[in-house]
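# Remarks on the overall topology
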Amino acid sequence: MPKLIEEEPYLSVPEAAQRVGVSRATMFRWASQQIRLNGSRIKVVQDPINKHYYVAERSVKKLADRFHTP
């Protein structure tokens, strides 16, 4: 379930990994390194209290479109 951060939906790393179809470790690595996707970085925030990463839902959709083949 998306978490609203500054009025934008974000997903936890496990949720994002599941939607993209990659392992949690891969998604964590992408989030922590803020990989580039089509010339721009994926949008990631880190919770200052528990240090969990959250990936913007729009970035997850771009990743899913890129890695899913019809």
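Residues numbered from 1 in each chain as written. Predicted model: local features only at pLDDT ≥ 70, side-chain atom pairs only at ≥ 80, totals over all residues. Heavy atoms only, no water.

### Side note on helix H3 (residues 57-67)
Since the α-helix turns once every 3.6 residues, residues separated by three or four places project in the same direction. Within H3, burial applies to Glu 57, Ser 59, Val 60, Leu 63 and Ala 64. Around the axis of H3, the buried residues are gathered within 155 degrees of arc, so they sit on the same side. Its buried side turned inward, H3 meets strand S2 (8-12), helix H1 (13-20), helix H2 (24-33), strand S3 (36-37) and strand S6 (53-56). (Buried < 20%, exposed > 50% of the residue type's maximum accessible area, 1.4 Å probe, protein only. Helix = DSSP H or I, 4+ residues; strand = E, 2+ residues; numbered from the N terminus. Arc of directions from axis to C-beta. Contact = heavy atoms within 4.5 Å.)

### Considerations on the pattern of salt bridges
Within the structure shown, the criterion is met by three salt bridges. One salt bridge in this structure joins Glu 8 and Arg 58, with 2.6 Å as the shortest N-O distance. Taken together, the residues Glu 8 in strand S2 and Arg 58 in helix H3 connect sequence positions 50 residues apart. Since its relative accessible area comes to 16%, Glu 8 is described here as buried. Taking relative accessible area as the criterion, Arg 58 reaches 45% and is therefore assigned partly exposed. (Salt bridge = Lys/Arg side-chain N within 4 Å of Asp/Glu carboxyl O.)

### Concerning the sheet that holds S2
One open sheet accounts for four strands, arranged S1-S2-S6-S5; its pairing is antiparallel. Of all the strands in the sheet, the pair left with one neighbour each is strand S1 (3-5) and strand S5 (44-46). Across the sheet, the axes of successive neighbouring strands diverge by a mean angle of 40 degrees, strand direction being ignored. Pairing geometry for S1 and S2, over three bridges, is antiparallel. By the bridge assignment for S2, Lys 3 is matched with Tyr 10. Relative to S2, H1 is tilted by about 90 degrees, and along the sheet it contacts S2 and S6. (Pairing = 2+ DSSP bridges. Axes fitted to C-alpha atoms, helices over the stretch in contact; angles between N-to-C directions.)

### Points about the packing of aromatic side chains
What describes a pair of aromatic rings is the distance from one ring centre to the other and the angle between the planes of the rings. All told, the structure shown has one aromatic pair when counted by the stated rule. Centroid distance Phe 28 to Tyr 53: 5.4 Å. Interplanar angle 75 degrees. Geometry classified as edge-to-face. Of this pair, Phe 28 sits in helix H2 while Tyr 53 sits in strand S6, and the two are 25 residues apart along the sequence. Residue classification places Tyr 53 among the buried residues on the basis of a relative accessible area of 18%. (Phe/Tyr/Trp six-rings, centres within 6.5 Å; stacked < 30°, edge-to-face > 60°.)

### Looking at the pairing of S6
Burial of S6 is two-sided: the residues Tyr 53 and Val 55 facing one way and the residues Tyr 54 and Ala 56 facing the other way are all buried. What sits between S5 and S6 in their antiparallel hairpin is a turn of six residues, with Lys 51 showing a positive phi close to 65 degrees.

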